[in-house]
Amino acid sequence: MRGTALARWAAGAGGLALVATGCGGGTGGSVGTAVLSSSWGDPQNPLEPANTNEVQGGKVLDMIFRGLKRYNPRTAQAENWVARSVETTDSQNFTVRLKDWRFSNGEKVTARSFVDAWNYGASLRNNQKNAYFFGYIDGYDKVHPGSGTQSADTLSGLRVVDDHTFTVRLNQKFSGFPDTLGYAAFAPLPRAFFTHHAAWLDKPVGDGPYTIESYTKGSQMTLRKWDAYPGPDKARNGGVTLRVYTDNNTAYTDLMSGNLDLVDDIPAAQLKNVRSDLGNRYINTPAGIIQTIAFPHYDPGWNKPGSQKVRTGLSMAIDRKQITRTIFRGTRTPATDWTSPVLGLAGGYKPGLCGSACDYRPAEARKLIKEGGGIPGGQVRITYNADTGSHRQWVDAVCNSINNALGNGRACVGNPVGTYADYRNQIGQHKMTGPFRSGWQMDYPLIQDFLQPLYYTDASSNDGKWSNKDFDRLIDRANAETDRPRAMADFQKAEEVVRDDMAAIPLWYQNGSGGYSERLSDVALDPFSVPVYYAIKVS
Amino acid sequence: MGRYVVRRLLQMVPVFIGSTLLIFLMVNVMGDPVAGLCGERACDPGTAAQLRREFGLDQPVWQQYATYMGNVFTGDFGTAFNGQKVTELMSTAFPVTIRLTLVAIVLEIVIGITLGVVTGLRRGRPVDTGVLLGTLVVISVPTFVTGLLLQLLLGVRWGWIRPSVSPAAPVDELIVPGLVLASVSLAYVTRLTRTSIAENRRSDYVRTAVAKGLPRRRVVVRHLLRNSLIPVVTFIGTDIGALMGGAIVTERIFNIHGVGYQLYQGILRQNTQTVVGFVTVLVLVFLVANLVVDLLYAVLDPRIRYA
Amino acid sequence: MPEQPYEPERAIAGTGMGGAMDLAASEATTLEPAPAGPLGTGPVGKPRSLWSDAWRDLRRNPVFLLCALVIVFLVFVSLWPSAIASGSPLTCDLARSQDGPGPGAPFGYDGQGCNVYTRTVYGARTSVTVGVLATLGVSVLGSVLGGLAGYFGGVWDAILSRITDIFFAIPVVLGGLVLLSVVTSNTVWPVIGFMVLLGWPQISRIARGSVITAKQHDYVQAARALGASDTRILLRHIAPNAVAPVIVVATIALGTYIALEATLSYLGVGLKPPSVSWGIDISAASPYIRNAPHALLWPSGALAVTVLAFIMLGDAVRDALDPKLR
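Rules used throughout
- Residues numbered from 1 in each chain as written.
- Chains lettered and ligands numbered in written order.
- Predicted model: local features only at pLDDT ≥ 70, side-chain atom pairs only at ≥ 80, totals over all residues.
- UniProt positions renumbered as here; feature names shortened; annotations may be inferred.
- Helix = DSSP H or I, 4+ residues; strand = E, 2+ residues; numbered from the N terminus.
- Buried ≥ 20, exposed ≤ 12 C-beta atoms within 10 Å, placed from the backbone.
- Contact = placed C-beta atoms within 7 Å.
- Nonpolar A, V, L, I, M, F, W, Y, C, P; charged D, E, K, R; others polar.
- Core = buried A, V, L, I, M, F, W, Y, C linked by C-beta atoms within 7 Å.
- Axes fitted to C-alpha atoms, helices over the stretch in contact; angles between N-to-C directions.
- Parallel < 35°, antiparallel > 145°, perpendicular 65-115°, else oblique.
- Left-handed = near helix turned anticlockwise from the far one by under 90°.
- Pairing = 2+ DSSP bridges.
- Expected span 1.5 Å × (residues − 1).
- Bend = angle between axes of the 7 residues up to and from the residue.

An unreviewed UniProt entry annotates chain B as ABC transporter permease of Streptomyces monashensis. According to the UniProt record, the Subcellular location (unreviewed entry) comment for chain B reads "Cell membrane". UniProt, in the comment section headed Sequence similarities (unreviewed entry), describes chain B in these words: "Belongs to the binding-protein-dependent transport system permease family."

The name an unreviewed UniProt entry assigns to chain A is Peptide ABC transporter substrate-binding protein, from the organism Streptomyces monashensis.

Below, the structure is given as structure tokens:
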């Protein structure tokens with residue numbers, strides 16, 4: 001269960017996942033002074049590192065903060081950044097040593113900058129939405145009890161040794177802990193954050209390659225290159241202007257007419273013409289995102305003997321190839337397992353694990369659904385939130401595919417929910433009576449992250465309340481395993497349990513797609529589908 | 001006159017309270033806003049409870065409303081979930097929307113009245129029929145279709161305008177969005193002016209003026225227009241509130257960060273404070289605009305007296 | 001209150017329900033509903049009412065006839081869509097996504113590969129249903145409340161008028177976003193209910209105004225002197241004479257409700273599939289405006305023609321009922 005706390009659902013194309021990413025091994029290179037403009041969305045929460053759990057706020061934090069670790073933009077592997085080393089002998093007590101580093105206001109980054117920040121993030125009274133990231137650290141239950149008031153202000157597991165060293169004691173063994181430290185939630189905070197909080201929120205100050213020059217809330221933010229940035233990933237442009245767009249179609253239109261330099265989410269409706277519009281200024285990079293259809297396993301209609309046949313039948317009724325080709329134009333790839341190709345084969349990705357259950361086989365689909373007792377209630381209603389992304393397009397297409405396969409125009413309908421908040425409400429209260437869309441964006445490239453948070457009994461992102469003892473047992477065994485290939489084998493066995501019960505229907509692996517103007521070069525998206533801003537050159 | 005104004009102001013009080021209560025209840029029906037704050041995972045119960053307490057969501061609705069209104073009268077419109085003061089959002093959003101509304105109204109006046117006068121004086125001629133048909137088409141096509149088409153043609157295909165409005169929202173970039181926002185009203189101003197002019201043209205005072213041998217221009221401007229504009233002016237006056245609150249669609253299409261945008265965002269995120277705050281101000285604008293229009297009647301038409 | 005026939009109240013237009021209705025209101029209240037009886041200007045003999053006069057005019061008005069024809073056609077299509085379109089609107093083949101016109105699909109295919117012609121034909125039923133039912137609801141509720149306020153006056157009038165103002169002050173699109181965003185039903189009722197909830201003040205104002213005017217006529221005073229009850233006076237004497245402006249505005253409003261349904265769909269809170277409506281199709285096609293404009297233009301065109309037909313019909317009826325223009 002511990003692993004679940006590290007993960008969260010992503011909202012698909014209009015992703016709502018905290019993304020802390022970046023680019024390793026920067027070598028300086030030519031340094032420009034020109035500024036580029038980029039599309040943005042209004043952050044949902046205040047721009048505090050431990051309070052930002054969606055991609056738009058995460059974009060900013062990624063530019064103005066650097067943490068102990070940083071995820072490589074190509075491999076997503078965690079690499080030491082502000083940390084000189086993170087060492088442990090028992091996977092429970094860690095010693096962190098820091099490099100010489102500074103905040104952009106001149107203050108030194110010390111062990112205290114981290115410990116204070118983490119204590120702030122974990123403390124219940126500060127309402128930090130990413131507090132659960134600190135849940136492994138000893139004393140978290142006192143600082144952040146599930147109910148009632150907190151009995152301590154600081155995490156007992158954190159101790160400052162000297163300016164450049166601090167120790168972390170976990171409440172259980174967790175060998176993956178260092179890999180989690182690349183998240184924005186673990187960023188250090190300057191004193192000003194605590195002493196002049198309101199002023200800091202108006203204009204956050206961090207230790208990353210950019211500084212915030214101005215911030216008009218709900219409209220735009222201008223970031224400037226920080227010339228004295230101590231890290232190797234110095235910005236190669238003069239700065240970035242983030243501009244808020246309500247509709248990604250408008251952003252794309254602005255890119256076309258030369259009013260915007262960079263768009264990091266190309267709307268599905270524009271993909272048909274993107275090649276002719278942008279030529280090779282169109283980027284389409286695999287990202288660690290998989291989209292699935294989840295089921296309400298708490299609903300008796302979907303959880304009776306034979307239900308897995310109905311679910312498998314539905315999976316076979318979806319023509320993934322055609323949908324990814326026609327609607328997404330190759331920005332998504334039909335899924336053949338429940339993980340992501342960015343893991344690599346060594347990381348646990350196993351193409352074809354789903355087998356025939358993920359192929360389009362209308363005849364077999366009809367047969368299986370009939371054997372399984374038919375669709376509960378006679379109609380599948382796929383619930384999704386209609387306010388962001390291109391969900392409507394693909395849900396309609398999936399339904400049309402199911403309808404065509406089953407020869408019934410009303411077998412499947414989309415069920416849009418007006419707002420994301422209400423959508424989450426319905427899921428949280430377990431009020432779903434039919435399948436619903438879900439998407440998962442990885443936190444780190446481990447197969448464990450694609451399985452445990454979603455399918456382990458009572459895992460916090462297990463929205464369908466699926467539960468299977470065999471699966472739980474295999475995951476436990478895999479987590480305890482020190483030998484990597486053996487662990488992978490166990491994880492994949494667990495994944496087969498998911499397949500045999502068709503706990504959720506895997507749809508497709510999602511790519512990051514973006515486009516840029518002729519002024520830019522060296523534009524790339526990282527595996528979290530966020531632009532690698534620092535490396536962009538502006539002519 | 002003074003007594004009338006006082007009475008109208010007093011009447012505004014229950015309407016103001018009723019409207020804000022109504023919107024407060026409506027926003028409340030939308031459900032628990034906290035669930036959407038934690039991304040695609042359940043909020044941990046501790047933080048969720050704390051957030052509800054802090055935003056007063058654990059209290060009964062009437063008490064939330066009373067607290068809210070009490071704060072509003074001291075100028076505190078609360079804080080949005082992303083930590084931004086609602087007054088701060090207003091101070092950036094309202095100037096933009098007011099500019100957009102002004103552009104829309106100027107267009108209504110200049111284009112609408114001109115077309116109305118021309119068609120009113122040439123009733124039944126091809127110009128009249130053409131314009132009349134045009135106004136009907138404008139009225140019957142939904143605004144968002146008009147907006148998207150203009151954006152595609154002028155902004156993308158022909159490149160005459162920026163397809164979206166920059167954050168500073170200067171007036172020249174607001175002309176096309178203003179036209180889209182005003183389009184339906186503009187069509188109505190045209191029709192209203194036309195009807196009014198056509199009616200008054202047959203009236204005795206115009207005949208007298210013509211018989212006196214006054215130049216045509218003078219008859220049209222001094223006599224005909226002045227008397228025909230009363231319904232038009234009042235229509236435009238009452239349209240202010242409608243334009244400001246109705247800009248949700250236009251602002252969305254052209255990416256304008258005004259009142260409509262803030263309201264739309266507020267609703268998507270179930271941000272009670274933002275929605276209620278902005279609507280409260282819009283209701284006030286609406287009520288005041290109506291009062292001013294009614295008083296304008298008396299100024300424009302001396303036959304009307306308020307007691 | 002003002003002493004002149006210019007009622008300040010009359011000028012208070014609603015926010016957002018489209019200027020159409022606001023203006024219709026201010027134009028319509030200038031109608032003087034003529035009392036029933038032998039006031040006709042034609043040859044003496046058979047008594048002629050306002051209505052028969054109007055009908056004589058309308059029969060000869062080509063605009064009216066054209067609009068009526070369009071509306072009759074719409075009703076026909078709504079009742080029997082399969083008469084002019086083959087296939088089901090719910091059968092879509094993604095392989096044909098965004099294709100142009102082809103055999104059996106004169107309007108081409110939309111982004112999902114659905115036949116735009118079939119969907120446009122089938123969409124008529126939902127759109128017309130929404131328009132007609134919303135108008136009926138608004139007219140009934142608005143007439144009753146407005147009529148009562150106008151007839152009884154005094155405190156009742158003050159209270160009802162303030163309530164009307166309250167609902168008037170809520171911007172309609174905004175109200176729709178808030179109220180409909182939580183709706184999970186995929187029937188037409190929530191959308192219609194919302195339109196009635198925020199639309200009735202429009203009719204209420206007009207009904208009130210025309211009841212006040214009708215109330216002052218001699219025949220009402222006479223009925224009262226003869227000891228007729230309030231109910232009888234309202235139903236037998238006032239209603240028939242006060243209903244004309246309501247009908248005019250309602251006809252025009254019908255068109256605006258159909259357009260409003262499309263706007264709500266564009267904002268993501270309108271009708272839901274598997275309903276087939278023009279609003280749903282227009283909003284689904286709007287992102288594809290560059291690549292498949294036909295999928296946007298056909299349902300938009302159908303919607304525009306329908307709205308136009310109702311507005312012009314209302315216009316024609318108003319002209320026919322307006323004694324000043326006769």
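K.L.:
Just checking my understanding: could you explain the overall build of chain B for this structure?
P.N.:
Looking only at helices and strands, chain B has twelve helices and zero strands in total. Listed by position from the N terminus, the elements making up chain B come as α-α-α-α-α-α-α-α-α-α-α-α. With respect to the principal axes defined by its C-alpha atoms, chain B has extents near 85 × 60 × 30 Å. Among the 307 residues that make up chain B, the fraction classed as buried is 50%.

K.L.:
What exactly am I supposed to notice about the overall build of chain A here?
P.N.:
A count of helical and extended segments in chain A gives 16 helices and 19 strands. For chain A, with 539 residues in total, the buried portion stands at 62%. Nonlocal contacts in chain A, meaning residues at least 24 apart in sequence, comprise 70% of its contacts between residues at least 6 apart.

K.L.:
Looking at this structure, I do not really get the interface of chain B and chain A. What am I missing?
P.N.:
Accessible area lost upon the coming together of the parts is a frequently used measure of interface size. Across the boundary between the two partners, chain B contributes 45 residues, which contact 49 residues of chain A. Of all elements in the fold, only helix H2 (45-54), helix H4 (86-121), helix H6 (143-157) and helix H11 (259-268) of chain B reach the threshold of two or more residues within the side of chain B that touches chain A. Top element by residues in the side of chain B that touches chain A is H2(B). It accounts for seven residues. In terms of residue class, the side of chain B that touches chain A is built from 18 nonpolar, 18 polar and nine charged.

K.L.:
Would you mind showing me how to read the UniProt feature "transmembrane region" (unreviewed entry) in chain B here?
P.N.:
Residue and element names in this part refer to chain B. According to UniProt, the "transmembrane region" (unreviewed entry) feature falls on residues 12-31, 96-118, 130-154, 174-193, 224-249 and 275-300. Secondary structure within residues 96-118 divides into 100% helix and 0% strand; the distance between the first and last C-alpha atoms comes to 33 Å. As annotated, residues 275-300 comprises 100% helix and 0% strand, and the C-alpha atoms at either end are separated by 37 Å.

K.L.:
What is the right way to look at the interface of chain A and chain C in this model?
P.N.:
With 24 residues of chain A in contact, the opposing surface of chain C contributes 22 residues. For the side of chain A that touches chain C, the secondary-structure elements that each account for two or more residues are helix H10 (320-326), helix H12 (391-406) and strand S15 (412-417) of chain A. With five residues, H12(A) is the single largest residue contributor to the side of chain A that touches chain C. Each residue belonging to the side of chain A that touches chain C can be placed in one class, and the counts come to seven nonpolar, twelve polar and five charged.

K.L.:
Please explain the nonpolar core as it appears in this structure.
P.N.:
Generally speaking, nonpolar side chains in soluble globular proteins are found buried as a group. Within the largest apolar cluster, 339 residues are counted, with the highest numbers of intra-cluster contacts made by Ile402(A) and Met195(C). Per element, the largest residue contribution to this core is 20 residues, and it comes from helix H10 (residues 230-266) of chain C. When residues no more than four places from it in sequence are discounted, the contact partners of Met195(C) are Ala134(C), Val138(C), Tyr257(C) and Leu260(C).

K.L.:
Would you mind going over unusual backbone geometry with me for this structure?
P.N.:
Only a minority of non-glycine residues have a phi that is not negative, and only a minority of peptide bonds are not trans. Residues and elements named next belong to chain A. Of note, the phi angle at Lys465 is positive, near 60°, even though the residue is not glycine. Here Lys465 lies in the loop between helix H14 (447-455) and helix H15 (469-480). Of note in the backbone geometry, Met502 takes a positive phi value of approximately 45° without being a glycine. Here Met502 shows up in the loop between helix H16 (484-501) and strand S17 (504-516). Owing to 25 C-beta atoms within 10 Å, Met502 belongs among the buried residues under this scheme.

K.L.:
Just to check I follow, could you spell out the packing of H6(B) against helix H7 (residues 175-201) of chain B for this structure?
P.N.:
For any two helices packed against each other, one specifies the crossing angle of their axes together with the interaxial distance. Residues and elements named next belong to chain B. The contact between H6 and H7 brings their axes to 10 Å, and the two run at 155°. Judged on the interaxial angle alone, H7 and H6 are roughly antiparallel. By crossing handedness, the relation of H6 to H7 is classed as right-handed. Between H6, through Thr143, Thr146, Gly147, Leu150 and Leu154, and H7, the contact on the second element is made entirely by Val176, Val180, Ser183 and Val184. Across the contact of H6 with H7, the residue classes break down as five nonpolar, four polar and no charged.

K.L.:
It is not clear to me how the pairing of strand S8 (residues 210-216) of chain A should be interpreted in this structure. Could you clarify?
P.N.:
Two faces, one strand: in a regular strand the side chains alternate between the faces of the sheet. All names here are of chain A. Bridge count for S8 against strand S9 (residues 220-225) is six bridges, and the pairing is antiparallel. Within S9, the position partnered with Ser214 by the bridge is Thr222. Taking the residues between adjacent antiparallel strands as the criterion, S8 and S9 are bridged by three residues, where Gly218 takes a positive phi near 75°.

K.L.:
Help me understand the sheet that holds strand S6 (residues 158-162) of chain A in this model?
P.N.:
Strands in a sheet are paired, the pairing made by backbone hydrogen bonds, and the direction either parallel or antiparallel. Residue and element names in this part refer to chain A. Spatially, the four strands line up as an open sheet ordered S4-S5-S7-S6, and their pairing is antiparallel. The open sheet is flanked by strand S4 (83-88) and S6, the only strands paired with a single partner. Averaged over neighbouring strand pairs, the angle between their axes works out to 20° when direction is ignored. In this sheet, strand S7 (residues 165-169) lies alongside strand S5 (residues 93-98) in antiparallel orientation, the contact comprising five bridges. Of the residues in S7, the one forming a bridge with Asn93 is Arg169. Against the sheet, helix H2 (residues 111-122) makes contact with S5, S6 and S7, and its axis sits at roughly 170° relative to S6, the strand it touches most.

K.L.:
Would you take a moment to explain the pairing of strand S12 (residues 282-294) of chain A for this structure?
P.N.:
Residue and element names in this part refer to chain A. As paired strands, S12 and S17 are joined by eleven bridges and run antiparallel to one another. The partner of Ala294 across the bridge, within S17, is Ala504. Where S12 meets strand S16 (residues 436-441), six bridges bridge the pair, whose relative direction is antiparallel. The partner of Gln291 across the bridge, within S16, is Gly439.

K.L.:
What should I look at first to understand the packing of helix H11 (residues 278-285) of chain C against helix H12 (residues 293-321) of chain C in this one?
P.N.:
Residues and elements named next belong to chain C. Following both chains from N to C, one finds H11 and H12 inclined at 150°, their axes separated by 8 Å at the closest point. In terms of orientation, H11 lies roughly antiparallel with respect to H12. For the pair H11 and H12, the crossing hand works out as left-handed. Contacts from Trp278, Asp281, Ile282 and Ala285 in H11 reach Ala295, Leu296, Pro299, Ser300, Ala302 and Leu303 in H12. Class assignment of the residues belonging to the contact of H11 with H12 gives a composition of eight nonpolar, one polar and one charged.

K.L.:
Would you mind showing me how to read helix H5 (residues 116-152) of chain C here?
P.N.:
Working note: α-helix, 3.6 residues per turn, so residues spaced by three or four point in the same direction. Residue and element names in this part refer to chain C. Under the 1.5 Å per step criterion, the end-to-end length of H5 is 52 Å for 37 residues, consistent within 8% with the ideal 54 Å. Along its length, H5 shows its largest kink, about 30°, at Gly123. In terms of residue burial, H5 counts as a mostly covered element, since 27 of its 37 residues are buried. Looking one or two places after H5, you find Gly153, whose phi comes out positive at around 60°.

K.L.:
What am I meant to see in the environment of Pro177(B) here?
P.N.:
Residues and elements named next belong to chain B. Its location among the elements puts Pro177 in helix H7. What makes Pro177 buried here is the crowd of 27 C-beta atoms within 10 Å. Distance from Pro177 to Leu100, taken between C-alpha atoms, is 7.6 Å for residues 77 residues apart in sequence. With sequence-adjacent residues up to four places away left out, Pro177 is seen in contact with Leu100, Val165, Thr250, Phe254 and Ile256.

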